[in-house]
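What the coordinates show
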Amino acid sequence: MDRALTREGLPGGPDTEGTGPAAAPRPSGTPKLVGVVWGLLILNTLGSAGAKTIVPLPRSLIQMITMGALVAAFALALALNLRLRVRPSAFLFLLTLLLVPSVLSSADLDSGFGALFRCARLALFVGTLWLLSHWWDGSATFVRHHIRLYFAVLASVAAGLLISPGAAMPELYGGRLVGALWPLTPPQIGQYAAVITGLTVLLVLGRRTDRVSAAVVVVPALVLLALTHTRTATLGLLIGLMLAIGSLVLTSAAARRFFAWAVLCVTVAAVAFNSALQAWFLRGQSQENFSNLTGRAKVWDALLAAPRTASEQLLGAGLGDKSFGGLPIDNSWLAVYHEQGLTGAVIVAAMVAVLGGVALLRPPSLPRACAIFLISYCAIASYTEAGLGDASPYLLHLTAAASLLTARTSEVP
């Protein structure tokens, strides 16, 4: 690994900002407010549907906050990049191209005015990402923003658990952890916990942070992940880390040691705690319910069997709330097919394929490993979670991966 890349973020080193796993030198010319823009985008993607909170929050108020955050993010990004300097990006080009089937399928208003509103939201979201691309330089800048800000979200979840355990783990969700201060569902919390855990572990292996600071993030994140009982996030974390660390084993002794110990620990745990692990994954469900993915398979079958016109097959039915027949689709590919048609599904597949292909062609490095983790996690989660075709945390994960795969420059003007 490049010596400069290895030592650039060592704690206490020169040009280091702050402490902890998110502490690293900020590339010359990268304003601190870029992190604020990223935080506003994260706030926009938190959503407005979830468990009942301790203090009831009207959905209209939550939507006003999240949409206001997106407008503020775009305005601030534009103020920071008034000269409209952007980096060429196949990923962002394809994401912009996704607007075409989204708008065409929503224009006939069969899905209501809400579809056009969601198109406007997606356009504003993509525009903000283009403006931020000016500061993509292949460093871990956006990864550290990711860790900091999602850790703050998880801190609010932990605070809700401490204030009102009953509201944070309601029977309605089978005793799984939810957001008691902001309406977050167990899969959302599990996703955030898994992503920042994986990224922080990789930063430790790359010597970008110390182990104590990393433990401050990883330990509580894993506890919250366990309390959510989220199988997708757990598998995404394990498989994503295995692939990411595997990409470093030829060049990093620390990665080889971690990989060997991880395989040993997982094997021992699988044998010694087989019954407990099975009970955790089943979550009290019957084998039949588990096999059809908690009812998801029934929704998928109904969606695929529904009659569609040629236009709906090609362009979809318009952006909606990722549901079919009043039930969540919970599959990114079927959600895109339903709302943006085969055209949208091909574009989204190309987005993931382009990022994955670029990552495989890059030489081994920490940024490449982080990108592989994020891409792998999104690919795995896409089977049981929706979000790849609309403004969502998954698009932010992929954007962070794209920023890591950008060729380095000596200085961002």
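Counting starts from 1 at the beginning of each chain's written sequence and moves along it residue by residue. Given that this is a predicted model, residues contribute local features only at a pLDDT of at least 70 and side-chain atom pairs are listed and counted only at 80 or more, while totals for whole chains, interfaces and linings are drawn from all residues. Water and hydrogen atoms were dropped before computing side-chain values, which therefore reflect all heavy atoms in the structure.

Here's the deal with the overall build of the protein
- From N to C terminus, the protein includes 19 helices and two strands.
- Residue burial is assigned from relative accessible area. The probe radius is 1.4 Å, only protein chains are included, and a residue is buried under 20% of its type maximum, exposed over 50%, and partly exposed in between. Residues classed as buried in the protein amount to 50% of the 413 residues present. What counts as a helix is a DSSP run of H or I of at least four residues, what counts as a strand is a run of E of at least two, and both are numbered from the N terminus.

Re the confidence of the model for the protein
- Per-residue confidence from the predictor is reported as pLDDT, which spans 0 to 100. Looking at the protein, the pLDDT average stands at 86 and 87% of residues meet or exceed 70.
- A low-confidence stretch, residues 1–28 stays under pLDDT 50, and its non-local contacts, those more than four residues away or across chains, total 59 contacts. We call two residues in contact when some of their heavy atoms are within 4.5 Å.

Considerations on unusual backbone geometry
- Even without glycine at this site, Leu-84 takes up a positive phi of about 55°.
- Residue Leu-84 is classed as exposed on the basis of its relative accessible area of 52%.
- Here Arg-207, not a glycine, exhibits a phi torsion of approximately 60°, which is positive.
- Tracing the sequence through the fold places Arg-207 in the loop between α9 (186–205) and α10 (211–228).
- Arg-207 gets classed as exposed once you look at its relative accessible area, which sits at 53%.

Considerations on a nonpolar patch on the surface
- A patch is a set of surface residues, each over 30% in relative accessible area and not in a salt bridge, joined within 9 Å for like charges and within 5 Å for the nonpolar side chains Val, Leu, Ile, Met, Phe, Trp and Tyr. We get accessible surface area from the Shrake-Rupley algorithm with a probe of 1.4 Å; when it comes to residues, only the shown protein chains can shield them. Salt bridges are identified by distance alone: a Lys or Arg side-chain nitrogen within 4 Å of an Asp or Glu carboxyl oxygen. A surface patch of nonpolar side chains, amounting to about 680 Å² of accessible area, comprises Ile-54, Val-55, Leu-57, Leu-61, Met-64, Ile-65, Ile-163 and Leu-181.
- Here the element with the most residues in the nonpolar patch is helix α3 (residues 59–80); it accounts for three residues.
- If you trace the backbone, Ile-163 turns up in helix α7 (residues 141–163).

Some thoughts on the packing of α9 against helix α18 (residues 366–381)
- To get an axis, fit a line to the C-alpha atoms, keeping to the stretch in contact for a helix; angles then go from 0 to 180 degrees between the N-to-C directions. α18 packs onto α9 with a crossing angle of 160° between their chain directions and a minimal axis gap of 10 Å. Regarding the angle of α9 to α18, the classification is roughly antiparallel. Where α9 crosses over α18, the handedness of that crossing is right-handed. Residue-level inspection shows Gly-190, Gln-191, Ala-194, Val-195, Gly-198, Leu-199, Leu-202 and Leu-203 of α9 in contact with α18, the latter providing Leu-366, Ala-369, Cys-370, Phe-373, Leu-374 and Tyr-377.
- Residues of the contact of α9 with α18, tallied by class, amount to eleven nonpolar, three polar and no charged. Each angle is binned into one of four classes, with values under 35 degrees roughly parallel, values over 145 roughly antiparallel, values of 65 to 115 roughly perpendicular, and all other values oblique. Note: crossing handedness is left-handed where the near helix turns anticlockwise from the far helix by less than a right angle, and right-handed where it turns clockwise. For this classification, Asp, Glu, Lys and Arg are treated as charged, while Ala, Val, Leu, Ile, Met, Phe, Trp, Tyr, Cys and Pro are nonpolar and the rest, including Gly, are polar.

Regarding the pattern of salt bridges
- Summed over the entire model, instances satisfying the criterion amount to three salt bridges.
- Through salt bridges that share partners, Lys-322, Glu-339 and Asp-390 make up one connected network.

Overview of helix α17 (residues 332–361)
- The span one expects for a helix is its residue count, reduced by one, times 1.5 Å. Taking 1.5 Å per residue as the helical rise, α17 with its 30 residues ought to reach 44 Å, whereas the 26 Å between its terminal C-alpha atoms falls clearly short.
- By definition, a residue's bend is the angle between the axes fitted to the seven residues ending there and the seven starting there. When the local axis directions of α17 are compared, the greatest deviation, roughly 130°, occurs at Gln-340.
- Polar contact criterion, stated in full: a pair of N or O atoms within 3.5 Å, where within protein one must be able to donate a hydrogen and the other to accept it, and residues adjacent in sequence count only if both atoms are side-chain atoms. Its side-chain oxygen placed 2.9 Å from the backbone nitrogen of Trp-333, Asn-331 serves as the N-cap of α17.

Thoughts on the packing of helix α5 (residues 99–106) against α17
- Relative orientation of the contacting elements α5 and α17 amounts to 175°, with a least axis distance of 9 Å. Comparing their axes, α17 and α5 come out roughly antiparallel. Residues Pro-101, Ser-102 and Ser-105 of α5 touch α17, and the partners they reach there are Glu-339, Gln-340, Thr-343, Gly-344 and Ile-347.
- Taken together, the residues of the contact of α5 with α17 break down into two nonpolar, five polar and one charged.

Considering the nonpolar core
- Here, nonpolar core means buried Ala, Val, Leu, Ile, Met, Phe, Trp, Tyr and Cys residues that are tied together by side-chain atoms lying within 4.5 Å of each other. If you look at the biggest cluster of nonpolar residues, it comprises 97 residues, and the most contacted ones within it are Trp-38, Leu-41, Leu-95, Leu-132 and Leu-202.
- In this structure, Trp-300, Leu-303, Ile-329 and Tyr-337 belong to the second largest nonpolar core, which totals six residues.

Some thoughts on the packing of aromatic side chains
- Ring pairs shown here join Phe, Tyr and Trp side chains whose ring centres sit within 6.5 Å, with only the six-membered ring taken for Trp; geometry is labelled stacked below 30 degrees between planes, edge-to-face above 60, and tilted in between. All chains considered together, the criterion is met by four aromatic pairs.
- Considering the side-chain rings of Trp-38 and Phe-142, the 5.2 Å spacing of their centres and the 65° angle between planes classify their relative orientation as edge-to-face. One end of the pair, Trp-38, is in helix α2 (residues 33–44); the other, Phe-142, is in helix α7, and 104 residues separate them in sequence. Each member of the pair, Trp-38 as well as Phe-142, is classed as buried.
- Ring centres of Phe-373 and Tyr-377 lie 6.3 Å apart, and the angle between their planes is 40°; on these two criteria the pair is classed as tilted.

Concerning the environment of Thr-232
- Inspection of the secondary structure assignment puts Thr-232 in helix α11 (residues 231–246).
- For Thr-232, the contacting residues outside a window of four places in its chain are Ala-381 and Thr-384.

So, the environment of Ser-403
- You can see Ser-403 is positioned in helix α19 (residues 393–404).
- Taking the C-alpha atoms as reference, Ser-403 lies 7.4 Å from Ser-133; in sequence the two are 270 residues apart.
- Every residue in contact with Ser-403, bar those within four places of it in the chain, is listed here: Trp-136, Asp-137, Gly-138 and Phe-142.

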